[in-house]
Every structure is written in structure tokens, then in C-alpha cells.
Amino acid sequence: SAVISQKPSRDICQRGTSLTIQCQVDSQVTMMFWYRQQPGQSLTLIATANQGSEATYESGFVIDKFPISRPNLTFSTLTVSNMSPEDSSIYLCSVAMLAGNEQYFGPGTRLTVT
Amino acid sequence: GENVEQHPSTLSVQEGDSAVIKCTYSDSASNYFPWYKQELGKGPQLIIDIRSNVGEKKDQRIAVTLNKTAKHFSLHITETQPEDSAVYFCAARISNFGNEKLTFGTGTRLTIIP
């Protein structure tokens, strides 16, 4: 399995500001995803990060709020824009070597918005 | 879309006893079913998975069973140990090319009582 790192591991931000979360993988992967896990809850897919093209967003998530970049096969960023306390969550990067393969998760970024 | 239900939400077992967590899914097109273990402050860890062409899979003390007709699958942990204490999530996926979305259950908090 790939080794996945995320930066920052946690942050406390003021409402109205934006935070960019980085996901780095130690090997090239075909698929990269961003999930959100609200406190004490399950995981919800935000979007699939596509290399060289716009991300594919799930219902309820929009590009203006969660812009995503994926410049290559080992790196992606998720920005949480114009934050409100409701955005306080764990944001998780997930990867799969190939379509149809197992998905592995990074350690997460714990975001608190005050 | 796919809906995954998971039971129980909490489970306490004596060390050495077995633990069983059950999930049901709604979309008969789902063909991949992973289980994740999430320890406090960490990202989900893939512990076992099963594909729809298999009825049972075992890895040491962990096993997963799948009943496609009833649309349910279960995680079995035998000879439980304190380090098995964590939150466990089941998930389901319809693996069509370009669609890799995992739909997660609501999680089971497993506590092993020494």
C-alpha cells in the first residue's frame, strides 16, 4: 500500500478564512479522493481529484467552496473556502493505485473553525 | 444511490471472545465491500475486503462474509484483544470504470474489556 501524508495535521482557523490541505503520496496513483468526517460521524466523499482536469464533486459539494487541484500522480490539494464553524471536520485524502483497487487513507487533517 | 446500514453502533466484548458487526446495502450492483478500522486520532485503516464473486474471506483472526441475495455482509473478529478496540466502518462500492465512490456505514465503536 502507498504511504500517504497530509499537511497540516490539524489547524484552528477563524471563520471567513480559507485553508489549503496538502496530500502527498510516496508512489504514483491513478485515483485520489477527498473525504470529510464530521465529529463522531462516518465518512462522506467530497470529490474525486482528477489529474489535469477539474475534480468530480459529489452532490452537496461545490467547487467554489472546496476547490481541488491535482497537478500530478502523487499530489493533491483541497481548499476549504470562506470557512464557517460547520466546516469543522476531519478531512481525509484517499488513494487507489488503479481504478477498482483498494482505497487507502491518509492520517487526516483536523480542522476547527472558530 | 447506495445506502449502507451498520449495526450495532457500539459493541463491548470480553477479551478473548468474538465480535460480529453487520452491514446491509441497498444497491445490488455493489460488488466491492471493504472494512476499515479507525483508531482515535488516525485515518481509517483497511483491514479486510471482499468482492462479490466470493462468499467468505479470512485473514488470521478477522473474517468477512457476504450474502449477495440478502445484500448483507459481516465482519467477524475472533479471540479479541485490547488492541482491537476502535471504530470499525463497513463500505460498499459499485466498481464501474470511472466510479470509485465508497459509501460508508455509520460505524461501530468496539470496546474490548480486559
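Quick summary incoming for the structure in this document. (Residues numbered from 1 in each chain as written. Chains lettered and ligands numbered in written order. Predicted model: local features only at pLDDT ≥ 70, side-chain atom pairs only at ≥ 80, totals over all residues. Heavy atoms only, no water.)

1. Here's the deal with the overall build of chain A
Spelled out, the test is: Helix and strand assignments follow DSSP, with helices taken as H or I runs no shorter than four residues and strands as E runs no shorter than two, numbered in order from the N terminus. Within these notes, the globule rule equals 2.2 Å times the number of residues to the 0.38 power, and the radius of gyration is based on C-alpha atoms.
Helix and strand counts for chain A stand at 0 helices and 11 strands. Start at the N end of chain A and walk to the C end: the helices and strands fall as β-β-β-β-β-β-β-β-β-β-β. Over its C-alpha atoms chain A spans a radius of gyration of 13 Å, differing by no more than 12% from the 13 Å that the globule rule assigns to 114 residues. In terms of its C-alpha atoms, chain A occupies a principal-axis envelope of roughly 40 × 25 × 20 Å.

2. A word on the interface of chain A and chain B
For clarity, the cut-off: Two residues form a contact once any of their heavy atoms are found within 4.5 Å. Defined here as a combined quantity, buried area equals the accessible surface (1.4 Å probe) lost by two parts on assembly, summed across both. Just to be clear on terms, a salt bridge is a Lys or Arg side-chain nitrogen sitting within 4 Å of an Asp or Glu carboxyl oxygen. Under the rule applied, a polar contact is a pair of N or O atoms within 3.5 Å (in protein, one hydrogen donor and one hydrogen acceptor; residues adjacent in sequence only if both atoms are side-chain atoms). Nonpolar residues are Ala, Val, Leu, Ile, Met, Phe, Trp, Tyr, Cys and Pro. Charged residues are Asp, Glu, Lys and Arg, and all others, Gly as well, are polar.
Between chain A and chain B, the contact holds 20 residues from the first and 19 residues from the second. For the pair chain A and chain B, the summed buried surface comes to about 1500 Å²; carbon and sulfur atoms form 54% of the total. For Glu58(A), the salt bridge identified is with Lys101(B), shortest N-O distance 3.2 Å. At the boundary of chain A with chain B, the tally comes to 7 residue pairs in polar contact (both at pLDDT 80 or more). Breaking the side of chain A that touches chain B down by element, the ones donating at least two residues are β4 (31-37), β5 (43-49) and β10 (104-105) of chain A. For the side of chain A that touches chain B, the element with the most residues is β4(A), which contributes 4 residues. Residues that form the side of chain A that touches chain B fall into these classes: 10 nonpolar, 7 polar and 3 charged.

3. Remarks on the pairing of strand β1 (residues 4-7) of chain A
Residue and element names in this part refer to chain A. Quick note on the threshold: Relative accessibility under 20% of the residue-type maximum defines a buried residue, over 50% an exposed one, and the middle range a partly exposed one, all with a 1.4 Å probe and only protein chains included. Only strands joined by at least two bridges in the DSSP assignment are considered to pair.
By the alternation rule, side chains of β1 split into Ile 4 and Gln 6, which are all buried, and Ser 5 and Lys 7, of which none is buried. Where β1 meets strand β3 (residues 19-25), 4 bridges bridge the pair, whose relative direction is antiparallel. Note that in β3 the partner of Ile 4 across the bridge is Val 25.

4. Quick notes on the environment of Leu43(A)
You can see Leu43(A) is positioned in strand β5. Of the residues examined, Leu43(A) reaches a relative accessible area of 5% and is grouped as buried. Put simply, Leu43(A) and Leu92(A) are 49 residues apart on the chain and 8.7 Å apart in space, counted from C-alpha to C-alpha. Excluding residues within four positions of it along the chain, Leu43(A) makes contact with Tyr35(A), Arg36(A), Gln37(A), Leu92(A), Phe105(A), Pro44(B), Phe89(B) and Phe104(B).

5. Digging into the sheet that holds strand β8 (residues 72-77) of chain B
Residues and elements named next belong to chain B. To be explicit about the condition: Helix axes are fitted only over the stretch in contact, all axes being lines through C-alpha atoms; the angle between N-to-C directions runs from 0 to 180 degrees.
Ordered by their spatial adjacency, 5 strands build an open sheet running β1-β3-β8-β7-β6, and the pairing between neighbours is antiparallel. Here the strands that pair on one side only, and so sit at the sheet edges, are β1 (4-7) and β6 (56-59). Strand-to-strand twist in this sheet, taken as the mean axis angle between neighbours without regard to direction, amounts to 15 degrees. Two elements, strand β7 (residues 62-67) and β8, share 6 bridges in a ladder whose sense is antiparallel. For Asn 67, the partnering residue across the bridge sits in β8 and is His 72.

6. Some points on the side chain of Lys65(A)
Residues and elements named next belong to chain A. Along the chain, the position of Lys 65 falls in the loop between β6 (56-57) and β7 (68-72). Reaching out from Lys 65, the side chain makes a polar contact with the backbone oxygen of Ser 81 at a distance of 2.8 Å. Among all residues touching Lys 65, those that are not within four sequence positions of it are Thr 79, Val 80, Ser 81, Asn 82, Met 83, Ser 84 and Asp 87.

7. Considerations on the state of the cysteines
The criterion, for reference: Criterion for a disulfide: a pair of cysteine sulfur atoms at a distance within 2.5 Å.
Counted according to the given criterion, the structure contains 2 disulfides over all chains. Here Cys23(A) pairs with Cys93(A) through a disulfide, and the sulfurs are 2.0 Å apart. Measuring handedness by torsion sign, the sulfur bridge of Cys23(A) and Cys93(A) sits at about -65 degrees and is left-handed. Placement of the pair is Cys23(A) in strand β3 and Cys93(A) in strand β9 (residues 89-96), with a sequence separation of 70 residues. Per residue, the accessibility class of Cys23(A) equals that of Cys93(A), and both read buried. Residue pairing for Cys23(B): its cysteine sulfur links by disulfide to Cys90(B), the two sulfurs lying 1.9 Å apart.

8. Some details on the layout of surface pockets
What counts here: The distinction between a cavity and a pocket rests on a 1 Å grid over the protein atoms alone: a 1.4 Å probe fits inside a cavity but cannot get out, while a pocket stays open yet meets protein on both sides within 12 Å along at least five of seven lines, and a residue with an atom within 4 Å of a point counts as lining. Grid points are joined across faces, edges and corners, and a volume is the space filled by probe spheres set on the points.
The computed volume of the largest pocket comes to approximately 490 Å³. Around the largest pocket, the lining is made up of 25 residues, and of these Gln37(A), Gly40(A), Gln38(B), Val87(B) and Arg109(B) lie nearest the centre. At the level of elements, β9 and β11 (109-113) of chain A together with β9 (86-93) and β11 (108-113) of chain B are the ones that each hand at least two residues to the lining of the largest pocket. A breakdown of the residues in the lining of the largest pocket according to their chemical character gives 8 nonpolar, 13 polar and 4 charged. Approximately 300 Å³ is the volume found for the second largest pocket. Every element with two or more residues in the lining of the second largest pocket is listed here: β5 of chain A together with β9 and β10 (102-104) of chain B. Of the residues belonging to the lining of the second largest pocket, the class tally is 7 nonpolar, 6 polar and 5 charged.

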